[in-house]
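Breakdown of the fold
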Amino acid sequence: QVQVVESGGGLVQPGGSLRLSCAASGSIFSIYVMGWYRQAPGKQRELVAALTSGGNTNYADSVKGRFTISRDNAKNTVYLQMNSLKPEDTAVYYCKTVAHTVVAGTGDFWGQGTQVTVSS
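A brief structural summary. Please read these numbers as outputs of a predicted model, since none were measured by experiment.

A few points about the overall build of the protein chain
The secondary structure content of the protein chain amounts to zero helices and eleven strands. Counting from the amino terminus, helix and strand elements in the protein chain follow one another as β-β-β-β-β-β-β-β-β-β-β. Viewed in the frame of its principal axes, the protein chain has a C-alpha envelope of about 45 × 25 × 20 Å. Looking at the protein chain residue by residue over its 120 residues, the buried ones come to 44%. Of the contacts made within the protein chain by residues no fewer than 6 positions apart, 54% connect residues no fewer than 24 positions apart. Total accessible area computed for the protein chain in this model is approximately 6200 Å², and 49% of it derives from carbon and sulfur atoms. Separation of charge centres in the protein chain, based on 10 positive and 7 negative side chains, amounts to 2 Å.

Concerning the state of the cysteines
Inspection of every chain in the model, using the stated rule, returns one disulfide. Put simply, Cys-22 and Cys-95 are joined by a disulfide, and their sulfur atoms are 2.0 Å apart. When the S-S torsion is -80 degrees, as for the bridge of Cys-22 with Cys-95, the disulfide is left-handed. Of the two residues, Cys-22 sits in strand β3 (residues 18-26) while Cys-95 sits in strand β9 (residues 91-101), which places them 73 residues apart along the sequence. In this structure Cys-22 comes out as buried when scored by relative accessible area, which is 0%. Relative accessible area serves as the criterion here: at 0%, Cys-95 is assigned to the buried category.

Things to note about the sheet that holds strand β7 (residues 67-72)
Spatial ordering of the open sheet is given by β1-β3-β8-β7, a layout of four strands whose pairing is antiparallel. Two strands lie at the open edges of the sheet, namely β1 (2-7) and β7, each paired on one side alone. Within the sheet, the average angular offset between the axes of one strand and its neighbour, ignoring direction, is 15 degrees. Relative to strand β8 (residues 77-82), β3 runs antiparallel, the two being bridged by six bridges. Bridging from a neighbouring strand, Cys-22 pairs with Val-78 of β8.

Some thoughts on the packing of aromatic side chains
Taken as a whole and assessed by the stated rule, the structure comprises one aromatic pair. Here the basic side chain of Arg-19 rests over the ring of Tyr-79, its NZ or CZ set 4.0 Å away from the ring centre. Directly above the aromatic system of Tyr-94 lies the positively charged group of Arg-45, at a separation of 3.7 Å from the ring centroid.

Quick word on the nonpolar core
Counting residues in hydrophobic clusters, the biggest one holds 31 residues, and the most contacted among them are Trp-36, Val-48, Phe-67, Ile-69, Leu-80, Met-82 and Tyr-93. Listed by contribution, the elements that provide at least two residues to this core are β1, β3, β4 (28-39), β5 (46-52), β7, β8, β9 and β11 (114-118). Discounting residues that sit within four places of it in the chain, Val-48 has contacts with Trp-36, Tyr-37, Arg-38, Asn-58, Tyr-59, Ala-60, Val-63, Phe-67, Leu-80 and Tyr-93.

About the thresholds
Residues numbered from 1 in each chain as written. Predicted model: local features only at pLDDT ≥ 70, side-chain atom pairs only at ≥ 80, totals over all residues. Heavy atoms only, no water. Helix = DSSP H or I, 4+ residues; strand = E, 2+ residues; numbered from the N terminus. Buried < 20%, exposed > 50% of the residue type's maximum accessible area, 1.4 Å probe, protein only. Contact = heavy atoms within 4.5 Å. Areas by Shrake-Rupley, 256 points an atom, 1.4 Å probe, with all protein chains shown as cover. Lys, Arg positive; Asp, Glu negative; His and termini not counted. Charge placed at Lys NZ, Arg CZ, Asp CG, Glu CD. Disulfide = S-S within 2.5 Å. Pairing = 2+ DSSP bridges. Axes fitted to C-alpha atoms, helices over the stretch in contact; angles between N-to-C directions. Phe/Tyr/Trp six-rings, centres within 6.5 Å; stacked < 30°, edge-to-face > 60°. Lys NZ or Arg CZ within 6 Å of the ring centre and 35° of its normal. Core = buried A, V, L, I, M, F, W, Y, C linked by side-chain atoms within 4.5 Å.

Read these as layout, nothing more, since geometry by itself doesn't imply function.
Right, dumping it as structure tokens:
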């Protein structure tokens with residue numbers, strides 16, 4: 001079993017910054033990708049940023065230059081530094097880990113989500 005826990009969401013004014021954290025734990029043999037997705041009310045969940053074990057990154061066009069994803073491999077933790085936040089960044093942010101587990105093979109594991117609200 002793999003547990004994915006996000007933290008760091010909250011309320012911030014436009015132009016402000018937040019840093020999200022996501023830690024994966026459990027029966028993990030190796031992690032291939034860790035990434036952040038978001039879902040705003042009435043919209044589909046979308047990729048925000050992802051980071052592979054090899055260091056390759058992928059960002060949504062809407063966040064390029066403002067958000068930075070990074071990872072601490074020793075802690076199985078991924079971070080999302082969000083700068084110059086806009087009201088349209090308001091959403092529930094979810095962390096997804098693609099991992100090979102000891103018992104169940106490779107799978108996608110999601111966290112419970114953390115709310116980010118950008119408002120004055």
